[in-house]
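Descriptive analysis of the structure
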Amino acid sequence: MIVLGIETSCDDTSAAVWDGQTLLSNVISTQLVHRNFGGVVPELASRSHVRLVVPVIEQALSEAGLQMRSVKGLAVTYGPGLAGSLLVGLSLTKGLSLSLGIPFVGINHLEGHIWANELAHPDLRPPFIALIASGGHTQLVHVREWGHYAVLGRTRDDAAGEAFDKVAKWLGLGFPGGPVIENLAAGGNAKFVRFPRAFLEEGSLDFSFSGLKTAVLNYVRSIGPAKTRQHLPDIAAAFQAAVIDVLIAKTLLAAKQTKAKCLCLSGGVAVNRALQELLVERGRVENVQVLFPPPALCSDNAAMIARAGQFYLEQGRFSTLDLAPNPSLNL
Ligand code: KG4
Ligand code: ZN
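Residues numbered from 1 in each chain as written. Chains lettered and ligands numbered in written order. Predicted model: local features only at pLDDT ≥ 70, side-chain atom pairs only at ≥ 80, totals over all residues. Heavy atoms only, no water.

**Things to note about the domain arrangement of the protein**
Taken as a whole, the protein is organised into domain 1 (3-113 + 298-313) and domain 2 (126-294). Counting residues at the interface gives 15 residues for domain 1 and 16 residues for domain 2. Buried surface at the junction of domain 1 and domain 2, summed over both partners, amounts to about 1,200 Å²; 69% is from carbon and sulfur atoms. Of all residues in domain 1, the largest losses of buried area upon contact with domain 2 belong to Leu110, His113 and Cys298, amounting jointly to 48% of the total for that side. For the interface between domain 1 and domain 2, the tally reads 0 salt bridges. At the boundary of domain 1 and domain 2, one finds 4 residue pairs in polar contact (both at pLDDT 80 or more). Elements with a minimum of two residues in the side of domain 1 that touches domain 2: α3 (109-120) and α10 (303-314). For the side of domain 1 that touches domain 2, a count of residues per class yields 7 nonpolar, 5 polar and 3 charged. (Domains from an automatic or database assignment. Contact = heavy atoms within 4.5 Å. Buried area = accessible area lost by both parts, 1.4 Å probe. Salt bridge = Lys/Arg side-chain N within 4 Å of Asp/Glu carboxyl O. Polar contact = N/O pair within 3.5 Å; in protein donor to acceptor, adjacent residues only side chain to side chain. Helix = DSSP H or I, 4+ residues; strand = E, 2+ residues; numbered from the N terminus. Nonpolar A, V, L, I, M, F, W, Y, C, P; charged D, E, K, R; others polar.)

Next up, the structure:
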């Protein structure tokens, strides 16, 4: 079944064509306008989606070498995300479904992130643990079967990516913060200063990054601008190490608690090479396999939505035209 996936939940406008076995295209247009504001501006995001979504779909079809009439099913993110942004993709999908006479299914964006691992590793079979770490979410999920998810832990305040973005903003490094902090950290000494790690109650799989964020802010204020500038790579490395330590410890703990033998990473923060490498290394010691998708499938993309969509469409589990966007949808 040829599925067209559409993703407009945040600041990436994306469309992808998946033929059930091969990813024929995955076009992602990242809205650069938000860089001027140090974060995603919801109103600008939805306006940009309106402008971009049709050209992005046309490009996805063209790269796949297909016309719209070959598409037999549609999959679209209907939550969580920004209400106005979700509405653009969902309304367009409903229109396409009606006019083409083909079914559509609304997909939970977080479930999409988990499926990204299956796209990259088609042999992947549940059960496994998924860590979803992005700008909006940090969750540990026990994937018992496809379609059956138990959330084992989530952030109680900021998401991991959000902490990268805010710290980068304070350090004057621009938006998004993850890539620039990772690059700086590669040349820094992570032991230059030790920032706190919030492990919360014993055995807890929840996360908290706001204390770390504040600790970095207080530290930078205490040493002043000149020393901050001089030690930017060291501060970036120390901050990144604190985030990674907690993500890795809790992900391995989730594997231990559930006796899972496979861990999957996804979301924008999963692009981080230091996180990937350390988790692979620590996983090897604990005899746990660690998988992650390539960068284009880690961050927001429509390929993961199309893949999840195929799972539901093939079972005849279609959505109806009264489906509304759900900005706070849970797994
Ligand atoms: O999944 P994503 O593209 O969009 C959301 O759903 O949020 O994730 C974006 C987040 C941003 O917070 C960004 O700073 C972070 O992922 N990120 C990274 C890296 N690349 C992107 N965080 C750490 N290291 C990176 N290399
Ligand atoms: Zn996402």
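Once the structure has been displayed, the description carries forward.
**Brief notes about the nonpolar core**
As a rule of thumb, soluble globular proteins bury nonpolar side chains together. Ranked by size, the top nonpolar core spans 48 residues in total, and within it Phe195, Phe239 and Leu247 carry the most contacts. Counting residues per element, the ones that place at least two in this core are β6 (128-133), α4 (160-170), α5 (177-185), α6 (210-230), α7 (232-258), β9 (262-266) and α8 (273-285). Per-element tally for this core: the top contributor is α7, with 15 residues. Each residue touching phenylalanine 195, except ones within four places of it in the same chain, is listed here: Leu212, Ala215, Val216, Tyr219, Ile235, Ala238, Phe239 and Ala242. The next biggest cluster of nonpolar side chains, apart from the first, holds 32 residues, and it includes Trp115, Leu119, Trp146 and Ala302. (Core = buried A, V, L, I, M, F, W, Y, C linked by side-chain atoms within 4.5 Å. Buried < 20%, exposed > 50% of the residue type's maximum accessible area, 1.4 Å probe, protein only.)

**Description of the site of ligand 1**
Neighbouring ligand 1 are 19 residues, the closest being Gly135, Asp165, Gly178, Glu182 and Gly268. Here an oxygen atom of ligand 1 sits 3.1 Å away from a polar atom, N or O, in the main chain of glycine 161. Separating a nitrogen atom of ligand 1 from a side-chain N or O atom of glutamate 182 is a distance of 2.7 Å. Notes on ligand 1: free accessible area 550 Å², of which the protein chains cover 88%. Mapped onto the shell around ligand 1, the elements with two or more residues apiece are α3, α4 and α5. Per element, the largest residue contribution to the shell around ligand 1 is 4 residues, and it comes from α5. Its residues placed into classes, the shell around ligand 1 shows 4 nonpolar, 12 polar and 3 charged. Residue contributions to the shell around ligand 1 reach at least three from each of two domains, namely domain 1 (3-113 + 298-313) and domain 2 (126-294). (Near = heavy atom within 4 Å. Areas by Shrake-Rupley, 256 points an atom, 1.4 Å probe, with all protein chains shown as cover.)

**Some thoughts on the side chain of glutamine 310**
Note that glutamine 310 resides in helix α10. Residue glutamine 310 is classed as buried on the basis of its relative accessible area, which comes to 7%. Separated by 2.5 Å, the side chains of glutamine 310 and tryptophan 18 make a polar contact. One polar contact links glutamine 310 to glutamate 314, side chain to side chain, over a distance of 2.8 Å.

**Structural notes on the environment of arginine 229**
With respect to the element layout, arginine 229 can be found in helix α6. Owing to a relative accessible area of 60%, arginine 229 belongs among the exposed residues under this scheme.

**Describing α3**
Its 12 residues give α3 an end-to-end C-alpha distance of 17 Å, which sits within 8% of 16 Å, the value for a rise of 1.5 Å per residue. For α3, the tally of buried residues reaches 11 of 12 residues, placing the bulk of the element in the interior. Within the span of α3, buried status applies to His109, Leu110, Glu111, Gly112, His113, Ile114, Trp115, Ala116, Asn117, Glu118 and Leu119. Residue asparagine 108 occupies the N-cap position of α3, its side-chain oxygen lying 2.8 Å from the main-chain nitrogen of leucine 110. (Expected span 1.5 Å × (residues − 1).)

**Describing the sheet that holds strand β10 (residues 289-291)**
Read from one edge to the other, the open sheet built from 5 strands follows the order β8-β7-β6-β9-β10, with strand pairing classed as mixed. Of all the strands in the sheet, just β8 (148-154) and β10 have a single pairing partner and so form its edges. Strand-to-strand twist across the sheet, computed as the mean angle between neighbouring axes with direction ignored, equals 25°. Direction of pairing for strand β7 (residues 138-145) relative to β8: antiparallel, over a ladder of 6 bridges. Across the sheet, the residue bridging to valine 143 is tyrosine 149, located in β8. Across the sheet, α8 touches β9 and β10, and the angle it forms with β9 is around 175°. (Pairing = 2+ DSSP bridges. Axes fitted to C-alpha atoms, helices over the stretch in contact; angles between N-to-C directions.)

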